[in-house]
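# Residue-level structural notes
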Amino acid sequence: MDLTVLGSGSAMPVPDRVQSGYLLDDGDRSLLVDCGSGVLQRLAATDTGYEGVSTVLLTHHHLDHVAALLPLLKARWLAGSEHLEVVGPAGTKSLVDGLLGVHDYLDGRVDLAVREVSAARPFAAAGFDVAARETRHSMDGLAYRFSPPSSDADPADGPLTLSGDTEAFAGMASFADGSDVLVHDCSFPDGTDVSNHPNPTELGRSLAGVDVDTLLLSHLYPHTGGREREMARSVREAGFEGDVEVASDGLRLALADGD
């Protein structure tokens, strides 16, 4: 399974980071997780392209995670694709209905399916097995852990965890324990007065003693510019013992199947 960071940025634009989006590939299967502004352009630069993505999985409904959802639908319609599935937490159907209410000319252009999921039970999206847990953020949302279609592993033991937007807390650390890669919100450097997102020291403390091979810091606000090395160091000094990397748009990681 390959993970491509399409967008490592936030609601405040910077030139080299677009808003949230991640592409999972496993052979012939592709899954887009979140679809913020700019993600469609990044997706078009991949081998998969927007033509190859028929399922979008949303962590939550903030604008910087859903802004390119209807542009994706329109691009697929114009490219001759006939289907798009949108999967996400409670309220996803209302979100999509509302967007189509504004842009009603797109309604019916493709076979659109909307499915709501919860942390109560695992589910499948684009063939990937997924476990979920609730996040701590200003809006209800879900973090996800993935097993690829080629694996027989329980998704709760899968190799990849994506936190979505969330504070750092023990439940999230437990959810990610055993992951090869954890992509976690780390929006601001230490010393920034902010809630609903962790700083590096908070994140490192929450992950002390947790078995994660690589922690990828993402959802980066402009405040992090030039302080990336400092942030990675702060995570390690606070107690996290794995490798720490800072996400960048276009970064591609290969993960084991997890079985």
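What counts as what
- Residues numbered from 1 in each chain as written.
- Predicted model: local features only at pLDDT ≥ 70, side-chain atom pairs only at ≥ 80, totals over all residues.
- Heavy atoms only, no water.
- Phe/Tyr/Trp six-rings, centres within 6.5 Å; stacked < 30°, edge-to-face > 60°.
- Helix = DSSP H or I, 4+ residues; strand = E, 2+ residues; numbered from the N terminus.
- Buried < 20%, exposed > 50% of the residue type's maximum accessible area, 1.4 Å probe, protein only.
- Pairing = 2+ DSSP bridges.
- Patch = residues over 30% accessible without salt bridge, like charges linked within 9 Å, V, L, I, M, F, W, Y side chains within 5 Å.
- Areas by Shrake-Rupley, 256 points an atom, 1.4 Å probe, with all protein chains shown as cover.
- Salt bridge = Lys/Arg side-chain N within 4 Å of Asp/Glu carboxyl O.
- Lys, Arg positive; Asp, Glu negative; His and termini not counted.
- Charge placed at Lys NZ, Arg CZ, Asp CG, Glu CD.
- Axes fitted to C-alpha atoms, helices over the stretch in contact; angles between N-to-C directions.
- Contact = heavy atoms within 4.5 Å.
- Arc of directions from axis to C-beta.
- Polar contact = N/O pair within 3.5 Å; in protein donor to acceptor, adjacent residues only side chain to side chain.

## Details of the packing of aromatic side chains
- Taken as a whole and judged by the stated rule, the model has three aromatic pairs.
- Look at Phe123 and Tyr144: their rings are 6.0 Å apart centre to centre, the planes differ by 85°, and that puts the pair in the edge-to-face class. With Phe123 in strand S7 (residues 123–125) and Tyr144 in strand S9 (residues 142–147), this pair connects stretches of sequence that are 21 residues apart. There is no split in this pair, since Phe123 and Tyr144 are both buried.

## A look at the pairing of strand S3 (residues 29–33)
- Most of S3 sits inside the fold, with four of its five residues counted as buried.
- Sheet topology note: the strand S2 (residues 21–26)/S3 ladder contains five bridges and is antiparallel. Bridge pairing links Tyr22 to Val33 in S3.
- Taking the residues that link successive antiparallel strands as the turn, the S2-S3 hairpin has two residues, and the phi of Gly27 there is positive, at about 65°.

## Structural notes on unusual backbone geometry
- The phi torsion at Asp34 lies on the positive side, around 70°, for a residue other than glycine.
- Structurally, Asp34 can be placed in the loop between S3 and helix H1 (39–44).
- Since its relative accessible area comes to 2%, Asp34 is described here as buried.
- The backbone of His219 shows a phi angle near 55°, a positive value even though the residue is not glycine.

## Digging into a negative patch on the surface
- Judged by side-chain charge, Asp177, Asp211, Asp213, Asp243 and Glu245 come together as a negatively charged surface patch.
- The residue Glu245 is located in strand S13 (residues 243–246) in this model.

## Here we look at the sheet that holds strand S11 (residues 181–185)
- A sheet is described by the order of its strands in space; here seven strands give the open sequence S7-S8-S9-S10-S11-S12-S13, paired in mixed fashion. The open sheet has two edge strands with one neighbour each: S7 and S13. Mean inter-strand twist for the sheet, computed between neighbouring axes without regard to direction, equals 25°.
- Where S7 meets strand S8 (residues 128–134), three bridges bridge the pair, whose relative direction is antiparallel. Following the sheet pairing, Ala124 is matched in S8 by Asp129.

## A short note on the sheet that holds strand S4 (residues 55–57)
- The strand order across the open sheet formed by seven strands is S6-S5-S4-S3-S2-S1-S14, and the pairing between neighbours is mixed. The open sheet has two edge strands with one neighbour each: strand S6 (111–116) and strand S14 (252–254). Neighbour to neighbour, the strand axes of the sheet diverge by 20° on average, direction disregarded.

## Describing the side chain of Ser81
- Position of Ser81 among the secondary structure elements: in the loop between helix H3 (69–78) and strand S5 (83–88).
- Judged by its relative accessible area of 15%, Ser81 falls in the buried class.

## Structural notes on the side chain of Ser206
- Residue position: Ser206 is located in helix H6 (residues 200–206).
- The exposure class assigned to Ser206 is buried, which follows from its relative accessible area of 18%.
- If near-sequence neighbours (up to four positions away) are discounted, Ser206 is found in contact with Ala168, Phe169 and Ala173.

## Thoughts on helix H4 (residues 92–102)
- The set of residues buried in H4 consists of Thr92, Leu95, Val96 and Leu100. Buried residues of H4 fall within an arc of 125° about the axis and therefore sit on the same side. What points out from H4, more than 90 degrees from its buried face, is the exposed set Ser94, Gly101 and Val102.
- Along its buried surface, H4 packs onto helix H2 (63–66), H3, S5 and S6.

## Concerning the environment of Ser163
- Looking at where Ser163 falls in the secondary structure, it is placed in the loop between strand S10 (160–162) and helix H5 (170–176).
- Judged by its relative accessible area of 1%, Ser163 falls in the buried class.
- C-alpha of Ser163 to C-alpha of Ala173: the two residues are 10 residues apart in sequence and 9.7 Å apart in space.
- Apart from residues lying up to four places away in sequence, Ser163 is in contact with Thr135, Leu142, Ala143, Met172, Val183, His184 and Asp185.
- Only 3.0 Å separates the side chain of Ser163 from the backbone nitrogen of Asp185, close enough to count as a polar contact.

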